[in-house]
Amino acid sequence: MNDKKKEQLKGNLVEMGLMEQTDTLLDCVQANYRKQVLGKLGKWQQGWICFTEKQVVYPLGIFEEHIVILYACIRRIEKFTAGLIPMGMAVAYDDSKSGGETEAQFTISKRDKWIAFLSEKAG
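For clarity, every value in this text was computed on a predicted model and none was experimentally measured. (Residues numbered from 1 in each chain as written. Predicted model: local features only at pLDDT ≥ 70, side-chain atom pairs only at ≥ 80, totals over all residues. Heavy atoms only, no water.)

1. Regarding helix 2 (residues 111-122)
Okay, step 1: Compared with an ideal rise of 1.5 Å per residue, which puts twelve residues at 16 Å, helix 2 spans 16 Å between its outermost C-alpha atoms and is within 8% of the ideal.
Okay, step 2: Residues of helix 2 that are buried: Arg111, Trp114, Ile115 and Leu118. Each buried residue of helix 2 sits inside an arc of 100° when the element is viewed along its axis, so together they form one side.
Okay, step 3: In the stretch just after helix 2, Gly123 is the one whose phi turns positive, near 80°. (Helix = DSSP H or I, 4+ residues; strand = E, 2+ residues; numbered from the N terminus. Expected span 1.5 Å × (residues − 1). Buried < 20%, exposed > 50% of the residue type's maximum accessible area, 1.4 Å probe, protein only. Arc of directions from axis to C-beta.)

2. Some points on the pattern of salt bridges
Okay, step 1: Considering all chains together, one arrives at eight salt bridges under this definition.
Okay, step 2: Close ionic contact of Arg76 with Glu103 constitutes a salt bridge, the shortest N to O distance being 3.7 Å. With Arg76 in strand 5 (residues 74-82) and Glu103 in strand 7 (residues 100-108), this residue pair connects regions lying 27 residues apart in the sequence.
Okay, step 3: The structure contains a network of salt bridges with shared partners spanning Arg76, Glu78, Glu101 and Glu103. (Salt bridge = Lys/Arg side-chain N within 4 Å of Asp/Glu carboxyl O.)

3. As for the pairing of strand 7
Okay, step 1: Where strand 6 (residues 85-95) and strand 7 come together, eight bridges link them in antiparallel fashion. Bridged to Gly88 within strand 7 is Thr107.
Okay, step 2: In this structure, the hairpin formed by strand 6 and strand 7 is closed by a connection of four residues, where Gly99 is found at a positive phi of approximately 80°. (Pairing = 2+ DSSP bridges.)

4. Quick word on the side chain of Arg111
Okay, step 1: Assignment of secondary structure puts Arg111 in helix 2.
Okay, step 2: Polar contacts involving the side chain of Arg111 include one to the main-chain carbonyl oxygen of Phe80, which spans 2.9 Å.
Okay, step 3: Within the structure, Arg111 has its side chain in polar contact with the backbone oxygen of Pro86 (distance 3.3 Å).
Okay, step 4: Setting aside its immediate chain neighbours within four residues, Arg111 contacts Lys79, Phe80, Pro86, Met87, Gly88 and Met89. (Polar contact = N/O pair within 3.5 Å; in protein donor to acceptor, adjacent residues only side chain to side chain. Contact = heavy atoms within 4.5 Å.)

5. Details of unusual backbone geometry
Okay, step 1: Within the chain, Lys110 stands out as a residue other than glycine whose phi angle is a positive 55°.
Okay, step 2: One can find Lys110 in the loop between strand 7 and helix 2.

6. Notes on a nonpolar patch on the surface
Okay, step 1: Taken together, the side chains of Leu84, Ile85 and Met87 make up a nonpolar region of the molecular surface, amounting to roughly 320 Å² of accessible area.
Okay, step 2: As for its placement among the helices and strands, Met87 is situated in strand 6.
Okay, step 3: Owing to a relative accessible area of 31%, Met87 belongs among the partly exposed residues under this scheme. (Patch = residues over 30% accessible without salt bridge, like charges linked within 9 Å, V, L, I, M, F, W, Y side chains within 5 Å. Areas by Shrake-Rupley, 256 points an atom, 1.4 Å probe, with all protein chains shown as cover.)

7. Quick look at the environment of Asn32
Okay, step 1: Mapped onto the secondary structure, Asn32 falls in strand 1 (residues 25-38).
Okay, step 2: C-alpha separation for the pair Asn32 and Lys6, spaced 26 residues apart in sequence, amounts to 20 Å.
Okay, step 3: If we skip the residues at most four places from it in the chain, Asn32 touches Trp44, Gln45, Gln46, Tyr58, Gln105, Phe106 and Thr107.

8. Points about the packing of aromatic side chains
Any aromatic ring pair is given by two values, namely how distant the centres are and how the planes are angled relative to each other.
Okay, step 1: Following the criterion strictly, the structure yields eight aromatic pairs and no others.
Okay, step 2: Ring plane angle 20° and centroid distance 6.4 Å describe the contact between Trp44 and Phe80, whose orientation is recorded as stacked. Within this pair, whereas Trp44 is found in strand 2 (residues 41-52), its partner Phe80 is found in strand 5, the two being separated by 36 residues in sequence.
Okay, step 3: With relative accessibility at 37%, the residue Trp44 sits in the partly exposed group.
Okay, step 4: Look at Phe80 and you get buried, because its relative accessible area is 19%.
Okay, step 5: When the centroid spacing of 6.0 Å and the interplanar angle of 80° are considered together, the rings of Tyr71 and Phe117 count as edge-to-face. Note that Tyr71 is positioned in the loop between strand 4 (67-70) and strand 5 and Phe117 in helix 2, a separation of 46 residues in sequence.
Okay, step 6: A residue is classified by how much of its surface remains accessible, and Tyr71, at 3% relative accessible area, is buried.
Okay, step 7: Chaining the aromatic ring pairs together yields one cluster made of Phe51, Tyr71, Trp114 and Phe117. (Phe/Tyr/Trp six-rings, centres within 6.5 Å; stacked < 30°, edge-to-face > 60°.)

In structure tokens:
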């Protein structure tokens, strides 16, 4: 993603309240998010996952709660296979809204790269 596109995307994320103006957008890649529907049932939603200096952001629809995960809140990162595709990445984190641990599941290309990145940021 070129610098002009990053700045435009950062402006959108700041405007939506998903990112602070002082934060730096590092990269944004296509990913799918597994939205829980009922119990363990879920459906995959296409979108973009954004990595900043402070957090991971996955913007959802207008009437949906966006996924914002501070690196400091990450407790566990695991690989999984989504169907037959070995691109799954599950991120467990402390969710201040629910008061407990929440897990977000994504499919993302270059999964190992992003797991290493998140592991380093999470400490």
